[in-house]
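# Observations on the three-dimensional arrangement
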Amino acid sequence: GIQVEQSPPDLILQEGANSTLRCNFSDSVNNLQWFHQNPWGQLINLFYIPSGTKQNGRLSATTVATERYSLLYISSSQTTDSGVYFCAGETSGSRLTFGEGTQLTVNP
Amino acid sequence: DGGITQSPKYLFRKEGQNVTLSCEQNLNHDAMYWYRQDPGQGLRLIYYSQIVNDFQKGDIAEGYSVSREKKESFPLTVTSAQKNPTAFYLCASSRISGTVNNEQFFGPGTRLTVL
């Protein structure tokens, strides 16, 4: 199966700062998703982005499929953005493979 | 409300007992999945099913069993053969377009603790 690497593993920001989270894949993917896991464990869908760029409010994501990476941008971060961010990729065979996550802490 | 429900939210079991986790979806999704998450780690796939009465092993299927008798239901049984069952279990579902599974959506999870 594919390998998914996320960086950085931990990130601490002051409220209002911007950040970029990265996801690298060892092989091409058909499907790529970004999630935010809240303190109760619920996985919140952020983006379904096999390629290209999407924006949703203060969050945006870009996937460069030919170079096997995706970026998640968080602008003007808020304390409620804290939590773990996961990316996951699917190759043929219908299996999502998750990275280890980025633990984001936004301090007031 | 459309969505994915899992029950119970918390589950405690004694060593040597089998336990079944429930997952139901009313999104009319074809595919359903079970994942396991250990503290500080990502999710790992246990089993998945793309059609009723059919399912495939994921990366860590040993000690688990599933059934898919109805499109909307995909229960997971954690058997006594699972050596370290204490974990957070997440169920997901997705539509299927051709040979590609679409965006996966997740339930709220079940925290299983073996005493």
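To keep things clear, this report deals only with the structure shown in the data block. Everything quoted here is computed from the prediction, not taken from an experiment.

## Some points on the overall build of chain B
In terms of helices and strands, chain B carries 0 helices and 13 strands. Helices and strands in chain B line up, N terminus first, as β-β-β-β-β-β-β-β-β-β-β-β-β. Here the C-alpha radius of gyration of chain B, 13 Å, is about what a compact globule of 115 residues would show, namely 13 Å. Across its three principal directions, the C-alpha atoms of chain B cover 40 × 30 × 30 Å. When each of the 115 residues of chain B is scored for burial, the buried share is 49%. The contacts in chain B between residues at least 6 apart in sequence include a share of 53% that link residues at least 24 apart. Working note: accessible area of chain B is about 5700 Å², and carbon and sulfur atoms make up 47% of it. Here chain B carries 12 positive and 11 negative side-chain charges, and the mean point of each set is 5 Å from the other.

## A look at the state of the cysteines
All names here are of chain B. Evaluated as defined, the whole model comprises 2 disulfides over all chains. In this model, cysteine 23 is linked to cysteine 91 through a disulfide, with the two sulfur atoms separated by 1.8 Å. Where cysteine 23 bonds to cysteine 91 through sulfur, the torsion about that S-S bond is close to -75°, and the disulfide is left-handed. Of this pair, cysteine 23 sits in strand β3 (residues 19–25) while cysteine 91 sits in strand β9 (residues 87–94), placing them 68 residues apart in sequence. For cysteine 23, a relative accessible area of 1% puts it in the buried group.

## Overview of the nonpolar core
Residue and element names in this part refer to chain A. Within the largest apolar cluster, 21 residues are counted, with the highest numbers of intra-cluster contacts made by Phe25, Trp34, Leu46, Phe47, Leu72, Tyr85 and Leu104. At the level of secondary structure, the elements contributing two or more residues to this core comprise β2 (10–14), β3 (19–25), β4 (31–37), β5 (43–48), β7 (59–64), β8 (69–74), β9 (83–91) and β11 (102–107). Among the elements that make up this core, the one with the highest residue count is β3 (3 residues). Apart from residues no more than four positions distant in its own chain, leucine 46 is found in contact with Trp34, Phe35, His36, Leu59, Leu72 and Tyr85.

## Regarding a nonpolar patch on the surface
Residue and element names in this part refer to chain B. Judged by side-chain polarity, Tyr10, Phe12 and Leu115 come together as a nonpolar surface patch covering roughly 400 Å² of accessible area. Looking at the secondary structure, you find phenylalanine 12 in strand β2 (residues 10–13). The exposure class assigned to phenylalanine 12 is exposed, which follows from its relative accessible area of 56%.

## Considerations on the environment of Ala61(B)
All names here are of chain B. Examined against the element boundaries, alanine 61 turns out to sit in the loop between β6 (54–57) and β7 (64–66). A residue is classified by how much of its surface remains accessible, and alanine 61, at 10% relative accessible area, is buried. For the pair formed by alanine 61 and tryptophan 34, sequence separation is 27 residues and the distance between their alpha carbons is 9.8 Å. Once residues lying within four places of it in the same chain are set aside, the contact partners of alanine 61 are Ile46 and Tyr47.

Definitions and limits used
In this numbering scheme, every chain counts its residues from 1 along its sequence in written order. Each chain gets a letter, beginning with A, and each ligand a number, beginning with 1, in the order they are written. Selection of residues for local features in this predicted model requires a pLDDT of at least 70, selection of side-chain atom pairs for listing and counting requires 80 or more, and totals for whole chains, interfaces and linings are taken over all residues. Side-chain numbers come from the whole structure's heavy atoms, not from hydrogens or water. Strands are runs of DSSP state E lasting at least two residues, helices are runs of H or I lasting at least four, and both sets are numbered from the N terminus onward. Each radius of gyration is computed over the set of C-alpha atoms, and the globule rule expresses the reference value as 2.2 Å times the number of residues to the power 0.38. Here's how the labels work: a residue is buried when its accessible area is under 20% of the maximum for its type, exposed when over 50%, partly exposed in between, all with a 1.4 Å probe on protein chains only. Residue contacts follow a heavy-atom distance rule, with two residues in contact if any of their heavy atoms lie within 4.5 Å. Here, Shrake-Rupley sampling with a 1.4 Å probe gives the accessible areas, and only protein chains in the shown set may cover a residue. Asp and Glu count as negative and Lys and Arg as positive, but His and the ends of the chain are not part of the count. Where a charge lies is defined by one atom per residue type, namely NZ (Lys), CZ (Arg), CG (Asp) and CD (Glu). Cysteine sulfur atoms are paired as a disulfide whenever they fall within 2.5 Å. To define a nonpolar core, start from buried Ala, Val, Leu, Ile, Met, Phe, Trp, Tyr and Cys residues and group those joined through side-chain atoms within 4.5 Å. Exposure above 30% relative accessible area and the lack of any salt bridge qualify a residue for a patch; like charges then connect within 9 Å, and the nonpolar side chains Val, Leu, Ile, Met, Phe, Trp and Tyr within 5 Å. Criterion for a salt bridge: a side-chain nitrogen of Lys or Arg within 4 Å of a carboxyl oxygen of Asp or Glu.

That is the geometry; function is a separate question.
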